[in-house]
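The lines below spell out each chain.
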Amino acid sequence: MEIVYRILIWGIIGTGCLLLMLIFAPFIIVLSPLGSWIILPLIYGGLLFYNWKRKIKKDTLSEPAGFSRKQSALIWSGIVLIIFSALKLISFCVGKSCYFLGINVKYYFIPLFLIPAAAIYFRPFKKHEKGSSFGITGIIVGVLLFFISMLHNVSNYDFSGDKLPIGYEMPSAMQERFFPDGAYNFEIKGKSMMFANSAEWSCNVSEEDFEKFRKKHGYNFVLNRTDVNEDKEIGPLSYSDDDWQKPFYFYNNRHANGGGLTMRYSVPEKKLYGRYSNR
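To start, this report covers the structure provided alongside it. What you see is a predicted model; the values in this text were computed from it and never measured.

Right, let's talk about helix α1 (residues 2-31) for a bit. Relative to the 44 Å expected for 30 residues at 1.5 Å per residue, α1 spans 43 Å between its end C-alpha atoms, a close match to the ideal helical length. Approximately 40 degrees is the largest bend angle found in α1, and it occurs at Phe24, with the proline Pro26 only one to four residues beyond.

On to the packing of helix α4 (residues 105-112) against helix α5 (residues 114-122). Running from N to C, α4 and α5 point in directions that differ by 15 degrees, and their axes come no closer than 4 Å. Taken together, the axes of α4 and α5 lie roughly parallel to each other. Residues Ile110, Pro111 and Leu112 of α4 pack against Leu114, Ile115 and Pro116 of α5. Across the contact of α4 with α5, the residue classes tally to six nonpolar, no polar and no charged.

Here we come to the pairing of strand β9 (residues 260-266). By the criterion of burial, β9 is predominantly enclosed, with seven of the seven residues buried. The alternating pattern of β9 places Gly260, Thr262, Arg264 and Ser266 on one face and Leu261, Met263 and Tyr265 on the opposite face, and all of these are buried. Here strand β8 (residues 248-254) pairs with β9 via seven bridges, running antiparallel. Paired with Tyr251 across the two strands is Met263, which belongs to β9. What sits between the antiparallel neighbours β8 and β9 is a turn of five residues, in which Gly258 has the positive phi angle 95 degrees. Pairing of β9 with strand β10 (residues 271-277), which is carried by seven bridges, proceeds in the antiparallel orientation. Paired with Ser266 across the strands is Lys271, a residue of β10. Between the end of β9 and the start of β10, which pair antiparallel, lie four residues, with Lys270 showing a positive phi angle near 55 degrees.

Counting residues in each nonpolar core, the largest one holds 27 residues, and the members touching the most others are Met170, Ile188, Trp201, Met263 and Leu272. Mapped onto this core, the elements with two or more residues apiece are α7 (172-178), β5 (184-193), β6 (196-204), α8 (207-217), β8, β9 and β10. With sequence-adjacent residues up to four places away left out, Trp201 is seen in contact with Phe178, Phe179, Glu187, Ile188, Leu261, Met263, Leu272, Tyr273, Gly274, Arg275 and Tyr276. Core analysis: the next-biggest nonpolar cluster, separate from the first, contains 24 residues, Tyr5, Ala25, Ile56 and Leu145 among them.

All right, on to the packing of aromatic side chains then. Two measures describe an aromatic ring pair: the distance that separates the ring centres and the angle between the ring planes. Tallying each qualifying case throughout the model produces 18 aromatic pairs. Between Phe178 and Phe179, the aromatic rings sit 6.2 Å apart at their centres with planes inclined by 75 degrees, giving edge-to-face as the arrangement. Judged by its relative accessible area of 0%, Phe178 is buried. For Phe179, a relative accessible area of 7% corresponds to the buried category. With centroids separated by 5.5 Å and ring planes inclined at 55 degrees, the aromatic side chains of Phe213 and Tyr219 adopt a geometry described as tilted. For the pair Phe213 and Tyr219, a shared accessibility class is recorded, and that class is buried. Each member of the aromatic cluster is reached from another via a ring pair, and the members are Phe210, Phe213, Tyr219, Phe221, Tyr249, Tyr251 and Tyr265. In this arrangement the basic side chain of Arg69 is found over the ring face of Tyr121, its NZ or CZ atom lying 5.0 Å from the centre. Cation over ring: Arg264 sits above Phe248, and NZ or CZ is 4.4 Å from the ring centre.

Let us look at a positive patch on the surface. Among the surface-exposed residues, Lys53, Arg54, Lys57 and Lys58 lie close enough to one another that they form a single positively charged patch. Among the structural elements, Lys57 can be located in the loop between α2 (36-56) and α3 (69-93). For Lys57, a relative accessible area of 48% corresponds to the partly exposed category.

Conventions adopted
Residues numbered from 1 in each chain as written. Predicted model: local features only at pLDDT ≥ 70, side-chain atom pairs only at ≥ 80, totals over all residues. Heavy atoms only, no water. Helix = DSSP H or I, 4+ residues; strand = E, 2+ residues; numbered from the N terminus. Expected span 1.5 Å × (residues − 1). Bend = angle between axes of the 7 residues up to and from the residue. Axes fitted to C-alpha atoms, helices over the stretch in contact; angles between N-to-C directions. Parallel < 35°, antiparallel > 145°, perpendicular 65-115°, else oblique. Contact = heavy atoms within 4.5 Å. Nonpolar A, V, L, I, M, F, W, Y, C, P; charged D, E, K, R; others polar. Buried < 20%, exposed > 50% of the residue type's maximum accessible area, 1.4 Å probe, protein only. Pairing = 2+ DSSP bridges. Core = buried A, V, L, I, M, F, W, Y, C linked by side-chain atoms within 4.5 Å. Phe/Tyr/Trp six-rings, centres within 6.5 Å; stacked < 30°, edge-to-face > 60°. Lys NZ or Arg CZ within 6 Å of the ring centre and 35° of its normal. Patch = residues over 30% accessible without salt bridge, like charges linked within 9 Å, V, L, I, M, F, W, Y side chains within 5 Å. Areas by Shrake-Rupley, 256 points an atom, 1.4 Å probe, with all protein chains shown as cover. Salt bridge = Lys/Arg side-chain N within 4 Å of Asp/Glu carboxyl O. Lys, Arg positive; Asp, Glu negative; His and termini not counted. Charge placed at Lys NZ, Arg CZ, Asp CG, Glu CD.

Function cannot be inferred from these measures alone, as they are strictly geometric.
Set out below in structure tokens:
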């Protein structure tokens, strides 16, 4: 378990140093935009070396020797927080949430989080001089990452598939407003970040399920679009009437700030198109 302890400590320190380096990043990029790709790694390496020299290297076993569930709980808690928060940030940065076998990949980590609980009880780490401080550092770093992800409200709605996956990133209230029961063959683009929330989608749905959907939510769809309020900037919804096979239903509820909800249901295609933004 000593090897596992050292790996986790380096994980905590490495993530903490990365956050510190990012504090310097804006200043370095402004002062030296061309050389920042060299300077920033040097800063990161320097922070790692400093922590290895002053902290990790001096982290010896405590006397009298023994095991510490308290230190183990602190260290594992920090690692779990870091992994959980980092997954949310990474999924947004790469522009796509990951799903496997119809389940959000993050759900697969839930059983893995049981491993630390078992390790804390059955295989705690030996007590180290700086074990508690490393554990507290890990929790602080994990909490900072968590608040960064929550502050920006980062979520990516991109998805393509027959059925919505378990743990789909879009809030359930939005799913209920946008997707009729019985819908399938989804093509969705969208994201949420800070105060901006948007989505554009299409899905196949039967006429019967579409009728239930619009009645349930009180959407006033117009057959063959007899109104003239369609937003000309709305992706697949901006086609003129002549571009669409008839009959089709059109719904438009845009706001003065440009946000709102627009949908069109193509009867020949048995397909619902929609676009939403809160601004």
